[in-house]
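One-letter residues, chain by chain:
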Amino acid sequence: AQSVTQLDSQVPVFEEAPVELRCNYSSSVSVYLFWYVQYPNQGLQLLLKYLSGSTLVKGINGFEAEFNKSQTSFHLRKPSVHISDTAEYFCAVSAFSGTYKYIFGTGTRLKVLA
Amino acid sequence: DGGITQSPKYLFRKEGQNVTLSCEQNLNHDAMYWYRQDPGQGLRLIYYSQIVNDFQKGDIAEGYSVSREKKESFPLTVTSAQKNPTAFYLCASSISGESGTQYFGPGTRLLVL
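Because the structure is predicted, anything quoted here is derived from the model rather than measured.

**Student:** I tried to follow the interface of chain A and chain B on my own but got confused; where do I start?
**Tutor:** When the parts come together, some accessible area is lost, and that loss is often what is quoted as the size of the interface. Listed by partner, the interface residues are 21 residues for chain A and 25 residues for chain B. Of the roughly 1700 Å² buried at the junction of chain A and chain B (both faces included), carbon and sulfur atoms supply 55%. Our count for the chain A to chain B interface comes out at seven residue pairs in polar contact (both at pLDDT 80 or more). For the side of chain A that touches chain B, the secondary-structure elements that each account for two or more residues are strand S5 (32-38), strand S6 (44-50), strand S10 (87-96) and strand S11 (100-104) of chain A. Each residue belonging to the side of chain A that touches chain B can be placed in one class, and the counts come to ten nonpolar, nine polar and two charged.

**Student:** What should I look at first to understand the side chain of Lys-78 of chain A in this one?
**Tutor:** Residues and elements named next belong to chain A. Counting through the fold element by element, Lys-78 comes out in strand S9 (residues 73-78). A polar side-chain atom of Lys-78 sits 2.8 Å from a polar atom in the side chain of Asp-85. Each residue touching Lys-78, except ones within four places of it in the same chain, is listed here: Ala-17, Pro-18, Val-19, Asn-61, Gly-62, Phe-63 and Asp-85.

**Student:** Which parts of the structure should I look at to understand the side chain of Thr-108 of chain B?
**Tutor:** As for its position among the elements, Thr-108 of chain B is in strand S11 (residues 108-112). Within the local environment of Thr-108 of chain B, its side chain forms a polar contact with the backbone oxygen of Pro-8 of chain B, the two atoms lying 2.6 Å apart.

**Student:** Whenever I open this one, a nonpolar patch on the surface confuses me. Can you help?
**Tutor:** Where nonpolar side chains cluster on the molecular surface, the patch consists of Tyr-10, Phe-12 and Leu-113 of chain B and spans about 340 Å² of accessible area. Summarising the element assignment, Phe-12 of chain B is placed in strand S2 (residues 10-13).

**Student:** For this particular structure, what's the right way to read the sheet that holds strand S8 (residues 76-78) of chain B?
**Tutor:** Strands belonging to one sheet form pairs held by backbone hydrogen bonds; the direction of such a pair is parallel or antiparallel. All names here are of chain B. The sheet built from four strands is open, its strands ordered S1-S3-S8-S7 with antiparallel pairing. Sheet topology places strand S1 (4-7) and strand S7 (64-66) at the edges, where each strand pairs with a single neighbour. Neighbour-to-neighbour, the strand axes of this sheet turn through a mean angle of 20°, independent of strand direction. Note that strand S3 (residues 19-25) and S8 share three bridges and pair antiparallel. From the neighbouring strand, Val-19 faces S8, where its bridge partner is Val-78.

**Student:** I tried to follow unusual backbone geometry on my own but got confused; where do I start?
**Tutor:** Here the amide bond leading from Ser-7 of chain B into Pro-8 of chain B is cis, since omega sits at -5°, within 30 degrees of zero. In this model, Thr-72 of chain A sits at a positive phi of 45°, which is unusual for a non-glycine residue. The residue Thr-72 of chain A is located in the loop between strand S8 (64-68) and S9 in this model.

Here is what the cut-offs are and how they apply
All residue numbers refer to position in the chain's written sequence, counted from 1. Here chains are named by letter from A upward and ligands by number from 1 upward, in the order in which they appear as written. Local features in a predicted model are, by the rule used here, given only for residues with pLDDT of at least 70; side-chain atom pairs are given and counted only at 80 or more, and totals for whole chains, interfaces and linings are based on all residues. To get the side-chain values, all heavy atoms of the structure are used, and hydrogens and water are removed first. Residues count as neighbours in contact if any of their non-hydrogen atoms are within 4.5 Å of one another. Once two parts are brought into contact, the accessible area they lose, counted with a 1.4 Å probe and summed over both, makes up the buried area. Under the rule applied, a polar contact is a pair of N or O atoms within 3.5 Å (in protein, one hydrogen donor and one hydrogen acceptor; residues adjacent in sequence only if both atoms are side-chain atoms). Starting at the N terminus, helices and strands are each numbered in turn, a helix being any DSSP run of H or I of at least four residues and a strand any DSSP run of E of at least two. Think of it as three bins: nonpolar holds Ala, Val, Leu, Ile, Met, Phe, Trp, Tyr, Cys and Pro, charged holds Asp, Glu, Lys and Arg, and polar takes everything else, Gly as well. Put simply, a patch holds well-exposed residues, over 30% relative accessible area, that have no salt bridge, with like charges counted together within 9 Å and Val, Leu, Ile, Met, Phe, Trp or Tyr side chains within 5 Å. The accessible surface values rely on the Shrake-Rupley method and a 1.4 Å probe; as for residues, cover is taken only from the protein chains in view. For salt bridges, the criterion is a side-chain nitrogen of Lys or Arg within 4 Å of an Asp or Glu carboxyl oxygen. When DSSP finds at least two bridges between two strands, those strands are taken to pair. Axis lines are fitted through C-alpha atoms, for helices just across the contact stretch, and the angle between N-to-C directions can take any value from 0 to 180 degrees.

In structure tokens:
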């Protein structure tokens, strides 16, 4: 079975400061890893994904994430945040078990302060 | 534009009433999913379907039903047996057998009167 842990439920950060949102997972099989962003009362938008290859993945809106197999982590980073980045961020893993199913973390609410 | 549409955006349910949430996609995806989102609990899988006329229960299927008569459509019915239906419901789709990357609709918020 797989599990995903997002340790920080809320992260406040000042505008133009860097941010890291943490995601750790556990799995006995190979997984694919994803980060999604959700703005209030909207669906989830795919930010980036790691399927294979380079462990540093670049996504939309200036975000990037690094897959660390030894630490089973997939932390999301942005060097300089904007007010518009205020949203909830979800980490998810996908593993094949007859079909691909997602396991989501509980989300991290990023609050960017002026 | 390809994408996933959900309707209505807001839905009100009376006690003892069944309500149906619509999900349509024009991405030509084989697989479709329904999730329930509650504050602080992330997303939980209700039902999923890999092909037309076939679907499987997810982690919290009790009180819900689905159908998959067309590839483009995957409606979710919240029955009167679901005692705590107030939540945000999200539909998603993916291409079968390709990492399972899922794309989401805008969601439907269900409220109980």
